Amino acid sequence: NHAMAQVKTAWAAIKNVAEADSEESRIGQAMHRLLEWVAPTALRQAPSAPHTWSDAQRAAVAALFALDAAQIAQAQAAAAGILSGQGAWAWDASALAWHGNEVALQWRGQLLRIDRLVQHQDTREWWVLDYKSTAAPQTQAALCQQLRTYQAAVALAYPGQTIRAAFLTPQGALIELTSE
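All of these numbers come straight from a predicted model, not from anything done at the bench. Sequence order as written defines the numbering, with residues in each chain counted from 1. With pLDDT at 70 or above as the cut-off, local features in this predicted model cover only qualifying residues; side-chain atom pairs require 80 or more to be listed or tallied, and sums for whole chains, interfaces and linings still use all residues. The basis for the side-chain values is all heavy atoms of the structure; hydrogens and waters are excluded.

Points about the packing of aromatic side chains
Pairing of aromatic rings covers Phe, Tyr and Trp, the last counted by its six-membered ring, and requires centre-to-centre distances within 6.5 Å; plane angles under 30 degrees mean stacked, over 60 mean edge-to-face, and any other angle means tilted. Taken as a whole, this structure holds four aromatic pairs when the rule is applied. For the pair Trp 126 and Tyr 158, a centre-to-centre distance of 4.3 Å together with 20 degrees between the ring planes defines the contact as stacked. Here Tyr 158 lies in the loop between α6 (141–157) and β4 (163–168) and Trp 126 lies in strand β3 (residues 126–131), a separation of 32 residues in the sequence. Here the aromatic cluster, defined as three or more aromatic residues joined through ring pairs, consists of Trp 98, Trp 126 and Tyr 158. Only DSSP runs of H or I covering at least 4 residues are called helices, and only runs of E covering at least 2 are called strands; the numbering of each starts at the N terminus.

Observations concerning the sheet that holds strand β1 (residues 96–107)
Across the sheet, which stays open at both edges, the five strands sit in the order β1-β2-β3-β4-β5 with mixed pairing between neighbours. Strands at the two margins of the open sheet, each flanked by one partner only, are β1 and β5 (174–176). In this sheet, adjacent strand axes meet at a mean angle of 35 degrees when their direction is disregarded. In this fold helix α2 (residues 23–36) packs onto β1, β2 (110–120) and β3, with an angle of close to 135 degrees to the strand it touches most, β1. Docked against the sheet, α6 engages β1, β2, β3 and β4, running at close to 145 degrees with respect to β4. Strand pairing is assigned whenever DSSP detects at least two bridges linking the two strands. Angular values range over 0 to 180 degrees, each being the angle between N-to-C directions of two axes fitted as lines to C-alpha atoms, with helices fitted over their stretch in contact. Working rule for contacts: check all heavy atoms of both residues, and any pair within 4.5 Å makes them a contact.

A look at the side chain of Arg 116
As for its placement among the helices and strands, Arg 116 is situated in strand β2. Think of it in three bands: residues with accessible area under 20% of the maximum for their type are buried, residues over 50% are exposed, and the middle band is partly exposed, with areas taken using a 1.4 Å probe on protein chains only. When charges are tallied, Lys and Arg are placed among the positive residues and Asp and Glu among the negative ones, while His and the ends of the chain are skipped. When a carboxyl oxygen of Asp or Glu is within 4 Å of a side-chain nitrogen of Lys or Arg, the pair counts as a salt bridge. One buried charge, Arg 116, has no salt-bridge partner; the nearest side chain with opposite charge is Glu 36, at 9.6 Å. Two N or O atoms form a polar contact when they lie within 3.5 Å of each other; inside protein one atom must be a possible hydrogen donor and the other a possible acceptor, and for residues adjacent in sequence the pair counts only when both atoms belong to side chains. A distance of 2.8 Å separates a polar side-chain atom of Arg 116 from the backbone oxygen of Ala 90. Leave out the neighbours within four places in its chain, and Arg 116 touches Pro 40, Ala 90, Trp 91, Leu 96, His 99, Gly 100, Asn 101, Trp 127, Val 128, Leu 129 and Tyr 131.

What to know about the nonpolar core
Membership of the largest hydrophobic core comes to 27 residues, with the highest contact counts inside it found for Met 31, Leu 35, Ile 82, Trp 91, Leu 129, Tyr 131 and Leu 168. Counting residues per element, the ones that place at least two in this core are α2, α4 (55–65), α5 (69–83), β3 and β4. If we ignore the near neighbours within four places in the chain, the residues touching Tyr 131 are Met 31, His 32, Leu 35, Ile 82, Trp 91, Asn 101, Asp 115, Arg 116 and Leu 168. Among buried residues, the Ala, Val, Leu, Ile, Met, Phe, Trp, Tyr and Cys ones that are joined through side-chain atoms within 4.5 Å form a nonpolar core. Residues Leu 112, Trp 126, Ala 153 and Leu 177 belong to the second largest nonpolar core, which totals 19 residues.

A short note on unusual backbone geometry
Despite not being glycine, Ala 66 has its phi angle at roughly 55 degrees, a positive value. Mapping Ala 66 onto the fold places it in the loop between α4 and α5. By relative accessible area, Ala 66 is classed as exposed at 54%. Within the chain, Arg 108 stands out as a residue other than glycine whose phi angle is a positive 50 degrees. Here Arg 108 shows up in the loop between β1 and β2.

Notes on the pattern of salt bridges
For the structure shown, the criterion picks out five salt bridges. With its nearest N and O atoms 3.7 Å apart, the salt bridge here joins Arg 33 to Glu 36. You can see Arg 33 and its partner Glu 36 sitting in helix α2, three residues apart, about one turn around the helix. Residues Lys 132 and Asp 130 are paired through a salt bridge, measuring 3.4 Å at the closest nitrogen-oxygen approach. Residue classification places Lys 132 among the buried positions, given a relative accessible area of 15%. Residue Asp 130 is classed as buried on the basis of its relative accessible area of 3%. Connected through shared salt-bridge partners, Glu 125, Arg 164 and Glu 176 make up one network.

Quick look at the layout of surface pockets
Estimated volume of the largest pocket: approximately 470 Å³. Gly 28, Gln 29, His 32, Tyr 131 and Lys 132 are, among the 19 residues lining the largest pocket, the residues nearest its centre. Every element with two or more residues in the lining of the largest pocket is listed here: α2, β3 and α6. Considering each element in turn, the lining of the largest pocket owes the most residues, seven residues, to α2. Residue classes follow a fixed rule: Ala, Val, Leu, Ile, Met, Phe, Trp, Tyr, Cys and Pro count as nonpolar, while Asp, Glu, Lys and Arg count as charged, and any other residue, Gly among them, counts as polar. The class makeup of the residues in the lining of the largest pocket is four nonpolar, eight polar and seven charged. Of the grid points, spaced at 1 Å and generated over the protein atoms alone, those admitting a 1.4 Å probe that cannot get out make up cavities, while open sets with protein on both sides within 12 Å along at least five of seven lines make up pockets; any residue with an atom within 4 Å of a point is treated as lining. Grid points are joined across faces, edges and corners, and a volume is the space filled by probe spheres set on the points.

So this is what it looks like as structure tokens:
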């Protein structure tokens, strides 16, 4: 029975690695990487123009995540959808007091990485922003719990300040989590 449990655990680990390396996952990771490279001033200088990435950046992402040209185009379109959507202000330098990508925080002995953390210039509110490839991440309990954990970690780092949390999707939606 113990040996069977070990086999099930091993298969679960293999399945997780396989799923993590799926085409959808690699395209999502590429989308994240492309968004990391966007400087707030780039959007501010040309707010009506869609953001573009250099050939070198696209080639680097293709090599890193083993993607072909169509898959890179898909990742780029997803990133562009986020940048041109309701959360576009999170890359507008005039709207930000502070911003960071892949912000590392410790939470209960665990290392967390927040996709984008910004402080709004006018309201001074902190926003924990999580990029998702799916159109409706708020319907998935595990994703909501993960975002709430990020929000709690930021609240611990900035006591007494307003910490808001939202998903950003390729469809351009900013989906704010409400209180439980």
